[in-house]
Amino acid sequence: MYKYNDFDEGFVRARVAQFRGQVERRIDGSLTEDEFKPLRLMNGLYLQLHAYMLRVAVPYGTLNSAQMLQLALIADKWDKGYGHFTTRQNIQYNWPKLGDVPDMLEALADVGMHAIQTSGNTIRNVTADHFAGAASDEIEDPRPYAELLRQWSTDHPEFQFLPRKFKIAVTGAAEDRAVVRAHDIGLQIVRNDAGEVGFQVIIGGGLGRTPMVGKVLREFLPKADLLPYCEAIVSVYNLLGRRDNKYKARIKITVHENGLAKIQELVEERFVNIREDFSGHDQALLTEIEAAFVPPAFVKKPTDGYEAARLANPAFRSWTDTNLSGHKADGYAIVSISIKKHGATPGDATSEQMRVMADLAQKYGHNELRISHEQNVILPHVHKSDLAKVYAALREADLATANIGLASDIIACPGMDYCALATARSIPIAQEIATRFDELKIEHDIGQLKIKISGCINACGHHHVGHIGILGLDRAGVENYQITLGGDGTQTTTIGERAGPGFSADDIVPAIERLVTGYLDLRSDENETFLQTYRRLGMEPFKAILYPSEDKANAA
Amino acid sequence: MARIFTPKVVTANALLEGDAVWLTEDNTWTRNIAEAELITDEAHGDLRLLEAQARADEIAGAYLADARPGSSGPEPVHFREAFRTRGPSNYHHGKQAE
């Protein structure tokens with residue numbers, strides 16, 4: 001894992017000291033809220049409905065045990081004993097007091113973490129495939145590039161006041177687990193015909209009020225050109241992006257309005273101009289960073305105990321069926337720990353659970369943890385012979401829910417339970433849907449299904465790319481939930497289509513139940529997923545299930 | 001015809017804790033909306049908002065929110081404002097726990 005060098009350490013400490021002074025001046029009244037707001041946002045501090053919220057970056061979703069333990073300590077000492085993992089691989093604390101925030105940032109700096117650029121119109125936390133460095137389908141570990149991008153973008157003087165926020169995601173695998181086509185820049189590590197490794201560069205993707213699938217700007221970018229090329233993109237956007245209208249300011253609109261060809265021309269022109277300024281220093285830095293991401297020393301030992309435990313314990317077997325993924329090293333598995341217990345808040349972990357996960361990572365996981373954009377925690381490197389012990393410990397901590405990728409593994413934004421921008425609540429809807437499917441005991445029959453819920457049009461809950469998306473709105477002073485169908489956040493990214501009129505808070509859960517049980521009758525066989533059935537049949541049969549009375553009226 | 005003015009309260013977030021507070025008639029901040037001043041005159045509302053915004057070292061983000069008279073004092077009209085009087089629905093945290 002990357003460890004801060006003296007420069008990183010000095011920079012983060014200096015920023016904490018600077019922010020401490022700013023908080024003091026805000027509290028004594030010498031800074032107004034208007035003056036203070038951009039300063040606190042630069043350090044990840046929001047003011048929400050019931051309290052401040054501190055958003056801490058987990059760069060490319062990677063943590064070690066000591067960092068996870070520190071997140072637990074912060075939750076206990078300055079918050080209410082829990083944290084919320086987000087769709088951008090961050091963790092949010094919902095209840096900090098203004099005066100405590102500098103101490104929280106200091107505690108983060110103690111373990112090489114910060115909250116810098118987790119807000120504001122800057123380049124945000126660079127996200128990556130949560131299976132990076134472990135996945136069996138990976139060309140290269142994308143995290144050294146993500147770390148290089150983090151260092152380049154942190155406090156980059158040219159990019160502190162972009163037209164709007166800017167999000168970059170990187171993946172090294174063909175199967176896109178990082179939603180790269182819904183980012184301002186998506187980087188996919190590819191191999192060209194000559195066998196060289198480089199990047200396919202995708203730009204202009206994004207969800208929000210104008211969802212767009214990213215477009216390929218460059219089919220193949222040599223690895224060494226990563227920083228100058230990204231800098232060219234962001235500087236073209238910085239000049240061309242609209243500042244007159246917040247809703248038209250993201251690069252997806254810039255690309256849409258100017259056309260991909262023009263953006264390509266401008267970026268290539270700019271790239272040629274600035275490329276020589278990157279005189280190899282970036283590559284020297286990359287080499288240093290890569291040394292920090294060498295794979296752990298995987299051990300070779302028998303896995304017989306694992307098979308025996310699977311046979312002996314049906315609950316363990318069920319968990320291994322849903323929560324494990326293929327690992328590149330023989331005898332290893334990737335463990336996804338579900339932070340989606342039925343009826344609980346998606347993405348919320350208590351400090352005690354964080355400590356259990358940190359301990360398991362240390363004992364059985366080569367000291368590594370990941371946060372996924374699907375709001376779960378990953379132990380990327382666990383030997384199969386240790387899985388039964390890991391499972392037993394997770395079960396003790398209420399972390400052994402066997403539902404990864406299933407109907408109750410729901411992404412939900414904080415919604416109007418916390419967020420000042422929300423137009424409706426999302427958490428209770430997620431809780432009720434998960435509880436209902438658990439009562440029905442059908443989610444394993446349903447199979448792969450991604451339900452994603454946002455509490456406003458900004459789409460933090462990724463509803464556009466949910467197989468079933470739910471968008472909470474305020475309709476004449478009442479919460480109302482719109483359904484979209486057929487969304488997909490993988491390498492075949494698709495924006496879901498709106499099914500029809502929205503549902504009230506009381507009617508939305510029965511509507512989802514109707515939709516999913518209706519799908520069971522529509523699928524060609526039990527292997528056809530919800531998304532495949534939708535793609536085969538289109539919207540109409542699902543619409544008929546969702547709006548039965550209307551269907552009858554039309555038929556009459 | 002003149003537009004009918006919907007009664008309002010001045011509300012904000014407390015500077016240190018960040019939780020919801022409401023302005024009372026005697027110029028204090030209360031954590032109970034029922035103790036807030038119910039403003040029924042538009043010009044008076046604008047003035048009270050200006051006065052609230054000037055108190056930068058006590059609160060942040062003051063605004064006028066719709067309210068209606070209730071049996072024990074002003075009550076929120078919109079569900080967002082109702083949530084602010086209670087706290088989140090997923091945990092017994094915030095005002096409902098105080």
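Residues numbered from 1 in each chain as written. Chains lettered and ligands numbered in written order. Predicted model: local features only at pLDDT ≥ 70, side-chain atom pairs only at ≥ 80, totals over all residues. Heavy atoms only, no water.

All right, on to the overall build of chain B then. When helices and strands are counted, chain B shows two helices and five strands. Computed over C-alpha atoms, the radius of gyration of chain B comes to 13 Å, within 12% of the 13 Å expected from 2.2 N^0.38 for 98 residues, which places it in the range of a compact globule. Overall, the C-alpha framework of chain B stretches about 45 × 30 × 20 Å when taken along its three principal axes. Going through the 98 residues of chain B one by one, you find that 49% of them count as buried. Put simply, of all contacts in chain B between residues at least 6 apart along the chain, 52% involve residues at least 24 apart. Only carbon and sulfur atoms are counted for the fraction: they give 52% of the accessible area of chain B, which is about 5000 Å². (Helix = DSSP H or I, 4+ residues; strand = E, 2+ residues; numbered from the N terminus. Rg over C-alpha atoms; globule rule 2.2 N^0.38 Å. Buried < 20%, exposed > 50% of the residue type's maximum accessible area, 1.4 Å probe, protein only. Contact = heavy atoms within 4.5 Å. Areas by Shrake-Rupley, 256 points an atom, 1.4 Å probe, with all protein chains shown as cover.)

Our focus in this paragraph is the domain arrangement of chain A. All names here are of chain A. When its domains are assigned, chain A resolves into domain 1 (6–109), domain 2 (142–291), domain 3 (304–396) and domain 4 (411–555). For domain 2 versus domain 4, the distance between C-alpha centres works out to 32 Å. The interface of domain 2 with domain 4 comprises eleven residues on the first partner and eleven residues on the second. Counting the surface lost from both domain 2 and domain 4, the interface buries some 1100 Å², and carbon and sulfur atoms represent 68% of this. The interface formed by domain 2 and domain 4 includes three residue pairs in polar contact (both at pLDDT 80 or more). Within the side of domain 2 that touches domain 4, the residues separate by chemical class into six nonpolar, one polar and four charged. (Domains from an automatic or database assignment. Buried area = accessible area lost by both parts, 1.4 Å probe. Polar contact = N/O pair within 3.5 Å; in protein donor to acceptor, adjacent residues only side chain to side chain. Nonpolar A, V, L, I, M, F, W, Y, C, P; charged D, E, K, R; others polar.)

In this section: the sheet that holds strand E14 (residues 368–371) of chain A. All names here are of chain A. Strands sit in the order E3-E14-E15-E12-E11 across an open sheet of five strands; the sheet is antiparallel. Of all strands in the sheet, those bounded by a partner on one side alone are strand E3 (62–64) and strand E11 (324–326). Neighbour to neighbour, the strand axes of the sheet diverge by 30° on average, direction disregarded. Against the sheet, helix H11 (residues 314–323) contacts E11 and strand E12 (332–337), and its axis sits at roughly 50° relative to E11. (Pairing = 2+ DSSP bridges. Axes fitted to C-alpha atoms, helices over the stretch in contact; angles between N-to-C directions.)

All names here are of chain A. With antiparallel pairing, five strands are arranged side by side in an open sheet as E1-E2-E5-E4-E13. The open sheet is flanked by strand E1 (45–47) and strand E13 (348–350), the only strands paired with a single partner. Here the strands of the sheet are splayed against their neighbours by 30° on average, with no regard to which way each runs. Across the face of the sheet, helix H12 (residues 351–364) comes into contact with strand E4 (82–85), strand E5 (91–93) and E13 while running at roughly 85° to E13.

This part is about the interface of chain B and chain A. Opposite the 25 residues of chain B that make contact, chain A presents 34 residues. For the pair chain B and chain A, the summed buried surface comes to about 2300 Å²; carbon and sulfur atoms form 60% of the total. Seen at the junction of chain B and chain A, the total is zero salt bridges. On the surface where chain B and chain A come into contact, there are twelve residue pairs in polar contact (both at pLDDT 80 or more). Mapped by element, the contributors of at least two residues to the side of chain B that touches chain A are strand E1 (8–14), strand E4 (59–69) and helix H2 (79–86) of chain B. Residue contributions to the side of chain B that touches chain A peak at four residues, all from H2 of chain B. When its residues are assigned to classes, the side of chain B that touches chain A shows eleven nonpolar, nine polar and five charged. (Salt bridge = Lys/Arg side-chain N within 4 Å of Asp/Glu carboxyl O.)

Once that is clear, we can look at the packing of aromatic side chains. All names here are of chain A. For the structure shown, the criterion picks out 18 aromatic pairs over all chains. Summarising the aromatic geometry, the rings of Phe298 and Tyr332 are spaced 4.9 Å apart at their centres and angled 65° between planes, so their arrangement reads as edge-to-face. Of this pair, Phe298 sits in the loop between helix H9 (281–291) and helix H10 (304–312) while Tyr332 is found in strand E12, placing the two residues 34 residues apart along the sequence. For Phe298, a relative accessible area of 25% gives the class partly exposed. Residue Tyr332 is classed as buried on the basis of its relative accessible area, which comes to 4%. By way of ring pairs, the aromatic residues Tyr306, Phe316, Trp319 and Tyr391 are connected into one cluster. (Phe/Tyr/Trp six-rings, centres within 6.5 Å; stacked < 30°, edge-to-face > 60°.)

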